[in-house]
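Per-entry structural report
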Amino acid sequence: MIQLTEETRAGWCIVGVRGRVDAESADELEAALRAAIGANGKVAANFAGVDYVSSAGLRAVIQAARAAQGKSVEFTICSMNAHVKKVFDMSGLHQILHIQGELPC
Amino acid sequence: MLSMLEEVVLLAVDEKNGGLRSTREFGTAYALVGAVFFDLALARKIDTDTESIQIIDTKPTGDATLDRVLAHMASRSDLKTVREWLEEIFQQRDDLEGEALQSLISQGILRHEKSKLLWIIDVERFPLVDNKPQQYVKVRLANAVLSDDIPLTRDIMLVSIAEPCGLLGYVLSEAAMATRRHRIQLLCNMETISRKVTDAILGLETSMRQAMTRVV
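Now for a look at the structure at hand. (Residues numbered from 1 in each chain as written. Chains lettered and ligands numbered in written order. Predicted model: local features only at pLDDT ≥ 70, side-chain atom pairs only at ≥ 80, totals over all residues.)

1. Looking at the overall build of chain B
Cut-off, in case you're wondering: Counting from the N terminus, the helices are the DSSP runs of H or I reaching at least four residues and the strands are the DSSP runs of E reaching at least two. Between the two quantities, the radius of gyration covers C-alpha atoms and the globule rule is 2.2 Å times the number of residues to the power 0.38.
In terms of regular secondary structure, chain B is built from 10 helices and four strands. In chain B, the succession of α and β elements from N to C terminus is α-α-β-β-α-α-α-β-β-α-α-α-α-α. Taking 17 Å as the expected radius of gyration for a compact globule of 216 residues, we find that chain B reaches 17 Å, a close match to that expectation. For chain B, the C-alpha atoms occupy an extent of roughly 50 × 45 × 40 Å along the three principal directions.

Below, the structure is given as structure tokens:
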């Protein structure tokens, strides 16, 4: 289960994500990120409330980043806890995704 | 759309003579198991984290191979890690390859030929009837490696399965692979399943080298 929120701040669309990002929630997350990417020039996924991410969750984020790349939308993932960041780092995703310690605004 | 398993097997078919190419035979078998896990993941039947596989839906997919593997997985709740499951399904490697070949034949992509070498040895070949699906797989692989764009999920999976069993070398030149080594490693590292396939192949090669050393 995940909870998603969306707000606009200083030109950024912030998609707040809370809960487990796994096979059950991956499609919902990808759809929310794609919708934000389709409607905004700058999108930040706030992962501060994410406590678990599986391979399906990582794929959802990668495909959202792919959509952002295709539309030349600035896309960043922010505020991961240490456990979730370790999963991203193990997969080498810091090399293709823009990952920040804090929200851009 | 072909399954990941069918795409990997199709990639192993020599387009000139229909022979099945496998530079590292057991490595290819591990890759086939990895491809089945990817098919199940794409069908939202299993999910993985850094070490383990979780079965999330045991309802059949309609694909006989996937459903057999899924039913087997559902019956063995004692196995948890990706590595344990790779070794378990590895025992079914001949079925996986045979079923994928049969499916490719029934879809009109390959045909089956049997002949004798020196009137004694049975030789099986699978010449291409329609070369477009194999070309499509090759183009996707090449694009995923040679471009700096973020690839589609399926193409990340395909690269990460083709590379550790030596099939990428049939699509790209050695020079291209050397130039894009970092990119290939990046794509191979993204998925837990392919990391464990690579570990399994390396472990197997190490064991075989040690066994050969003892024999010599």
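2. A few points about helix α9 (residues 181-189) of chain B
We count it as follows: Three exposure classes are used. Buried residues have 20 or more other C-beta atoms within 10 Å of their own C-beta, exposed residues have 12 or fewer, and partly exposed residues fall in between, all C-beta atoms being placed from the backbone. Note that the arc is computed from the directions linking the helix axis to the C-beta atoms.
Taken together, the buried positions of α9 of chain B are Ile184, Leu187 and Cys188 of chain B. End-on view of α9 of chain B: buried residues confined to an arc of 100 degrees, all on one side of the axis.

3. What to know about the environment of Ala67 of chain A
All names here are of chain A. Stated precisely, the cut-off is as follows: Whether two residues are in contact depends on their C-beta atoms, placed from the backbone: they are in contact if these lie within 7 Å.
Among the structural elements, Ala67 can be located in helix α2 (residues 55-70). Residue classification places Ala67 among the partly exposed positions, given that 19 C-beta atoms sit within 10 Å. Put simply, Ala67 and Asn81 are 14 residues apart on the chain and 25 Å apart in space, counted from C-alpha to C-alpha. Excluding residues within four positions of it along the chain, Ala67 makes contact with Arg34 and Ile37.

4. Re the interface of chain B and chain A
The extent of an interface is frequently quoted as the accessible surface area lost upon association of the parts. The condition is simple: Residues are grouped as follows: nonpolar covers Ala, Val, Leu, Ile, Met, Phe, Trp, Tyr, Cys and Pro; charged covers Asp, Glu, Lys and Arg; every other residue, Gly included, is treated as polar.
Contacts between chain B and chain A engage 15 residues on the former and 19 residues on the latter. At the level of secondary structure, the elements contributing two or more residues to the side of chain B that touches chain A comprise β1 (46-48) and α9 of chain B. In terms of residue class, the side of chain B that touches chain A is made up of five nonpolar, five polar and five charged.

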